[in-house]
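# Structure assessment
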Amino acid sequence: DTEVTQTPKHLVMGMTNKKSLKCEQHMGHRAMYWYKQKAKKPPELMFVYSYEKLSINESVPSRFSPECPNSSLLNLHLHALQPEDSALYLCASSHRTENTEAFFGQGTRLTVV
Amino acid sequence: QKEVEQNSGPLSVPEGAIASLNCTYSDRVSQSFFWYRQYSGKSPELIMSIYSNGDKEDGRFTAQLNKASQYVSLLIRDSQPSDSATYLCAVTQGSGNTGKLIFGQGTTLQVKP
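### Topic: the environment of A:Y35
On the secondary structure map, A:Y35 appears in strand 4 (residues 31–37). Each C-alpha atom of the pair A:Y35 and A:M46 lies 5.2 Å from the other, and the pair is eleven residues apart in sequence. Not counting the four nearest positions on each side in its chain, A:Y35 is found in contact with A:P43, A:E44, A:L45, A:M46, A:L88, A:Y89, A:L90, A:A92, A:F104, B:G99, B:L101 and B:F103.

Encoded structure:
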C-alpha cells in the first residue's frame, strides 16, 4: 500500500481566513514533505519532517505553518494567504529522508480569493 | 545552468513506438534518481527509481543512468495513448541525506493513436 491521503481535495479561502491542510500515511514512513506546485511548473519543496522533527524549511513565509502531530500525520496551517499562494499543495512521504522513494498524495487544490 | 534539465516538449510519438525522455543534472554527488508521471490536474506518481549506473527495467519502462555523463533517461516501449502525460525527472540534492528532491521542468509526452 503506497497511499498518502490528503484532505480536503479542494479549498477556497479568503485572505483573512485560517484553514488547515491534512495529510495522513500508514506506511510506517518516517519522512514527510510538503510541496507546492503552480500550473505547468514542477513541485517545489516547502518543508521536510524527519522522525516528526522539522528538518528543512525552504524559506517559506510564516503564513504557512507546518505541524507533525505524530509519525502518520502532517498538517499545514494557513493564515493570511495571498492570491499568489493559490496552487496545488502536495504531501509526500518516504521511508526515511536518505535516498528513498517519495510517494505523493493526490494534493489539495487551493484557491485564495 | 538549472540543476535538473529536461526538454519541455511536447514529445509526440505514434502508438506502439518507443518514447525516449532525457534528463541531465548538475550535482555530481547526487545518488538517487526518479521518474514521476503526472497527468493533467493530478499529483505525481512514481514510476521508476534508479540508483546505480546502467539500465533498470520494469514492464514497458526502462530507466538508464550514466553518472559520469550526469544523464538519466526513461524509455517507454509500446507507447499507449494512456502514457500521454508530463514526465518529471527528480534527483536528490547532494548525497541525498536531506530528502530534498530537485525536479526538472518536466517533458510532456503525447502518444497519438
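Now that the structure has been shown, we can carry on.
### Thoughts on the packing of aromatic side chains
Scanning the entire structure with this criterion turns up nine aromatic pairs over all chains. Plain terms: the ring middles of A:Y35 and A:F104 are 5.3 Å apart, the flat faces sit at 55 degrees to each other, and that makes the pair tilted. Taken together, the residues A:Y35 in strand 4 and A:F104 in strand 10 (residues 103–104) connect sequence positions 69 residues apart. Within the aromatic cluster, the residues linked to one another by ring pairs are A:Y33, A:Y35, A:F104, B:Y36 and B:F103. For B:R60, the ring lying beneath its charged end belongs to B:F61, and the centroid distance is 5.6 Å.

### Overview of the interface of chain A and chain B
How big an interface is tends to be stated in terms of the accessible area lost upon association of its parts. Taken together, the contacts link 23 residues of chain A with 24 residues of chain B. Along the contact surface separating chain A from chain B lie one salt bridge. Here B:K100 ties to A:E58 by a salt bridge, and the two come within 2.5 Å at their closest N and O atoms. For the side of chain A that touches chain B, the secondary-structure elements that each account for two or more residues are strand 4, strand 5 (44–50), strand 9 (87–94) and strand 10 of chain A. Of the residues that constitute the side of chain A that touches chain B, the class distribution is twelve nonpolar, six polar and five charged.

### Concerning the nonpolar core
Ranked by size, the top nonpolar core spans 42 residues in total, and within it A:W34, A:Y35, A:F64, A:L76, A:L78 and B:Y36 carry the most contacts. Looking at this core, the element that brings in the most residues is strand 9 of chain A, giving six residues. Core analysis: the second largest hydrophobic core is formed by 24 residues, B:V13, B:I47, B:I76 and B:A85 among them.

### Looking at the side chain of A:H29
All names here are of chain A. With respect to the helices and strands, the residue H29 is situated in the loop between strand 3 (18–25) and strand 4. Classification of H29 by relative accessible area gives buried; the value is 2%. A polar atom in the side chain of H29 sits 2.7 Å from the side chain of S93. Polar contacts involving the side chain of H29 include one to the main-chain amide nitrogen of S94, which spans 3.4 Å. Beyond its immediate sequence surroundings of up to four residues, H29 is in contact with S71, S93, S94, H95 and F103.

### Some remarks on the sheet that holds strand 8 (residues 73–79) of chain A
All names here are of chain A. On the basis of which strands lie adjacent, the open sheet formed by four strands has the order 1-3-8-7 and antiparallel pairing. The sheet is open, and its two borders are formed by strand 1 (4–7) and strand 7 (64–70), each paired with just one other strand. Taken pair by pair, the neighbouring strands of this sheet meet at an average axis angle of 20 degrees, ignoring direction. Pairing geometry for strand 7 and strand 8, over five bridges, is antiparallel. Each residue of the ladder has a partner; that of S65, found in strand 8, is H77.

Parameters and conventions
Residues numbered from 1 in each chain as written. Chains lettered and ligands numbered in written order. Predicted model: local features only at pLDDT ≥ 70, side-chain atom pairs only at ≥ 80, totals over all residues. Heavy atoms only, no water. Helix = DSSP H or I, 4+ residues; strand = E, 2+ residues; numbered from the N terminus. Contact = heavy atoms within 4.5 Å. Phe/Tyr/Trp six-rings, centres within 6.5 Å; stacked < 30°, edge-to-face > 60°. Lys NZ or Arg CZ within 6 Å of the ring centre and 35° of its normal. Salt bridge = Lys/Arg side-chain N within 4 Å of Asp/Glu carboxyl O. Nonpolar A, V, L, I, M, F, W, Y, C, P; charged D, E, K, R; others polar. Core = buried A, V, L, I, M, F, W, Y, C linked by side-chain atoms within 4.5 Å. Buried < 20%, exposed > 50% of the residue type's maximum accessible area, 1.4 Å probe, protein only. Polar contact = N/O pair within 3.5 Å; in protein donor to acceptor, adjacent residues only side chain to side chain. Pairing = 2+ DSSP bridges. Axes fitted to C-alpha atoms, helices over the stretch in contact; angles between N-to-C directions.

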